[in-house]
Amino acid sequence: MNRPDSPPFLHRPDVRGGLNPEQGRIRNLQTLLDAVRQHPGSTRPELAELVALTVQSTHGLTEELLGQGLLLRGDKRRGGRGQPAVELHLNPDGAFSIGLHLDRDHVTGILSDLTGRVRAREHHELRYPQPQATFDLIAQMVTRLRAAVSQQRRIWGIGAAFPGPLDLRTGVISQPPNFPGWDGVNARRELEERCGLPVTVQHDGAAAALGERWYGAGQAYQNFFYVFSGIGLGGGVVVGGRVFAGAHGNINFGHVPVVPGGRPCPCGSQGCVEQYASIGGLHDLLAQDYGLDAADPERLAHLHAAGHPGVRRWIEQAADHLTPALLAAINLLGPEAVVFGGRLPPALQEDLLAQLR
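The notes below deal with the structure included here. Since the structure is predicted, the reported quantities are computational estimates derived from the model, not experimental observations.

### A few points about the overall build of the chain
Step number 1: From N to C terminus, the chain includes 11 helices and 11 strands.
Step number 2: Along the first, second and third principal axes, the C-alpha set of the chain runs to 75 × 45 × 45 Å.
Step number 3: Partitioning the contacts of the chain with sequence separation of at least 6, the portion at a separation of at least 24 is 55%.
Step number 4: As displayed, the chain offers around 17,300 Å² of accessible surface, 50% of which is attributable to carbon and sulfur atoms.
Step number 5: One way to put it: in the chain the 33 positive side-chain charges average out to a point 7 Å from where the 35 negative ones average out.

Structure follows, in structure tokens:
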């Protein structure tokens, strides 16, 4: 399988010993590309001001990005002195990436272009997927997603989000609660060997928080706390527009204890908030008290729309137990907002948020 034509600035340089000139150039290319993403249609003088570089340096660096096919020239600005300034935009076809999300109930893959627009998507509902069969399925998904792009070498790599704990350096999943068979699995190595592309792994809560920051409700905030609703309950912290992942890349909001001596949790503790306020907790309540199997979002949405008493009970229970955990996060972090996302059906999530308010 062909390796991608990814430029040298795809990965951030290691700056622990300080930046040498080449590392500084790479960092400036990254910064300029991100500035154009955030401020499409900016001219070189405007970009120079945004990133605190000279106009001369900005001109040379943007010429390199244009040569790589990552930027496009737009309209000319007239009215000032000298030559008209040219607006710059990201080239949607300049690069592509594949995003993967694996959880205890599904696997999803997308192909996105350089502007973040989804070009292709594939989703499978799976109940507690096992590693080898799942990686086989993912490899087939990646092959189909890649087929949506004519220029295969423009696909730079794969970003994969997994439940934690996850070692971001090695790609090894370590003792994930309520996810049997995945302890010690090197997710990065498995994906790179099967898919033939560079792979970056991330804890799913942090990855979702970054997505909200770039393309969702988090665009309005520089500092927010993100709650990810899945089979478990994840969290992400954004500070100054960047995801703060903690020393080891794993912030486990779902395992904040809220009920002393409460329900046993697979993490080994008791009374963790995800036992009461996650989609997994909702599944358990409906199964144990009502004999219902509602393991997919469409079924949950139908039960909620029908006013099922079990769903109403869960909303009240989830809000009661989320409140102290969220107050702790708010008081410790002082965020501008709390942003919710994940797999809850939208109408059900809105009812939960109304109860929380």
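### Side note on the layout of surface pockets
Step number 1: As a volume, the second largest pocket reaches approximately 290 Å³.
Step number 2: Together, 18 residues line the second largest pocket, and Y128, I231, G280, H283 and D284 are the ones closest to its centre.
Step number 3: Counting residues per element, the ones that place at least two in the lining of the second largest pocket are α7 (274-277) and α8 (279-290).
Step number 4: Among the elements that make up the lining of the second largest pocket, the one with the highest residue count is α8 (5 residues).
Step number 5: A per-class count over the lining of the second largest pocket returns 6 nonpolar, 6 polar and 6 charged.

### With respect to the packing of aromatic side chains
Step number 1: Considering all chains together, one arrives at 4 aromatic pairs under this definition.
Step number 2: Ring geometry for F179 and W182: centres 5.1 Å apart, planes at 25 degrees, overall stacked. W182 shares its class with F179; the two are buried.
Step number 3: Seen in terms of ring centroids, W214 and Y215 are 6.1 Å apart; in terms of plane orientation they differ by 90 degrees. Their pairing is edge-to-face.

### Notes on a nonpolar patch on the surface
Step number 1: Side chains of L210, W214 and Y215 sit close together on the surface and give an oily, nonpolar patch of about 270 Å² of accessible area.
Step number 2: The class for L210 is partly exposed, based on a relative accessible area of 31%.

### Digging into the packing of α8 against helix α10 (residues 309-333)
Step number 1: Direction vectors running N to C along α8 and α10 enclose 135 degrees, while the axes themselves pass 10 Å from each other. Relative to α10, the element α8 is oriented oblique. You can see that α8 and α10 cross each other, and the crossing is right-handed. Contacts between α8 and α10 involve G281, L282, L285, L286, D289 and Y290 from the former and P309, G310, V311, R313, W314 and Q317 from the latter.
Step number 2: Residues belonging to the contact of α8 with α10 are distributed by class as follows: 7 nonpolar, 3 polar and 2 charged.

### Observations concerning empty space enclosed by the protein
Step number 1: Using the criterion set out here, one finds 2 cavities of 30 Å³ or more in the structure.
Step number 2: Elements supplying a minimum of two residues to the lining of the largest cavity: β9 (233-239) and β10 (242-244).
Step number 3: A per-element tally of the lining of the largest cavity places β9 first, with 3 residues.
Step number 4: Looking at the lining of the largest cavity residue by residue, the class counts come to 6 nonpolar, 5 polar and no charged.
Step number 5: The space that makes up the second largest cavity amounts to roughly 30 Å³.

### Remarks on the pairing of strand β7 (residues 199-203)
Step number 1: Taking every second residue as pointing to the same face, the buried face of β7 carries V199, V201 and H203, while none of T200 and Q202 on the other face is buried.
Step number 2: Where strand β6 (residues 155-162) and β7 come together, 5 bridges link them in parallel fashion. Looking at the pairing, F162 lines up with H203 of β7.
Step number 3: For the crossover from β6 across helix α5 (residues 187-195) to β7, the handedness is right-handed.

### Quick notes on the state of the cysteines
Step number 1: Under the defined criterion, the tally for this structure stands at 0 disulfides.
Step number 2: The thiol sulfur of C267 is not disulfide-bonded, and the nearest other cysteine sulfur, from C265, lies at 3.6 Å.
Step number 3: Note on C272: no disulfide assigned, nearest cysteine sulfur contributed by C267 at a separation of 3.7 Å.

### With respect to the sheet that holds β9
Step number 1: Strand order in this open sheet of 4 strands is β10-β9-β8-β11, and the pairing throughout is mixed. Across the chains shown, the open sheet's two edge strands, defined by having one partner strand only, are β10 and β11 (337-342). Neighbour-to-neighbour, the strand axes of this sheet turn through a mean angle of 30 degrees, independent of strand direction.
Step number 2: Across 6 bridges, strand β8 (residues 224-229) lies against β11 in parallel orientation.

### Quick notes on the side chain of D105
Step number 1: Structurally, the position occupied by D105 is in the loop between β3 (96-103) and β4 (106-113).
Step number 2: A polar side-chain atom of D105 sits 2.8 Å from a polar atom in the side chain of H106.

### Let's talk about the pattern of salt bridges
Step number 1: Within this structure, the stated rule accounts for 19 salt bridges.
Step number 2: We note a salt bridge from R37 to D34, for which the minimum N-O separation is 2.7 Å. Placement of the pair is R37 and D34 together in helix α1 (residues 21-38), with a separation of 3 residues, close to one helical turn.
Step number 3: Among the residues examined, D34 registers a relative accessible area of 27% and is labelled partly exposed.
Step number 4: When the shortest N-O distance is used, the salt bridge between R77 and E46 registers 2.9 Å. Residue R77 is found in strand β1 (residues 71-77), and its partner E46 is found in helix α2 (residues 44-51); the two are separated by 31 residues along the sequence.

Reading the values: the criteria
- Residues numbered from 1 in each chain as written.
- Predicted model: local features only at pLDDT ≥ 70, side-chain atom pairs only at ≥ 80, totals over all residues.
- Heavy atoms only, no water.
- Helix = DSSP H or I, 4+ residues; strand = E, 2+ residues; numbered from the N terminus.
- Contact = heavy atoms within 4.5 Å.
- Areas by Shrake-Rupley, 256 points an atom, 1.4 Å probe, with all protein chains shown as cover.
- Lys, Arg positive; Asp, Glu negative; His and termini not counted.
- Charge placed at Lys NZ, Arg CZ, Asp CG, Glu CD.
- 1 Å grid on protein atoms, 1.4 Å probe; cavity = no way out; pocket = protein on both sides within 12 Å on 5 of 7 lines; lining within 4 Å.
- Points joined across faces, edges and corners; volume = space filled by probe spheres on them.
- Nonpolar A, V, L, I, M, F, W, Y, C, P; charged D, E, K, R; others polar.
- Phe/Tyr/Trp six-rings, centres within 6.5 Å; stacked < 30°, edge-to-face > 60°.
- Buried < 20%, exposed > 50% of the residue type's maximum accessible area, 1.4 Å probe, protein only.
- Patch = residues over 30% accessible without salt bridge, like charges linked within 9 Å, V, L, I, M, F, W, Y side chains within 5 Å.
- Salt bridge = Lys/Arg side-chain N within 4 Å of Asp/Glu carboxyl O.
- Axes fitted to C-alpha atoms, helices over the stretch in contact; angles between N-to-C directions.
- Parallel < 35°, antiparallel > 145°, perpendicular 65-115°, else oblique.
- Left-handed = near helix turned anticlockwise from the far one by under 90°.
- Pairing = 2+ DSSP bridges.
- Right-handed = clockwise from strand over helix to strand, strands pointing away.
- Disulfide = S-S within 2.5 Å.
- Polar contact = N/O pair within 3.5 Å; in protein donor to acceptor, adjacent residues only side chain to side chain.

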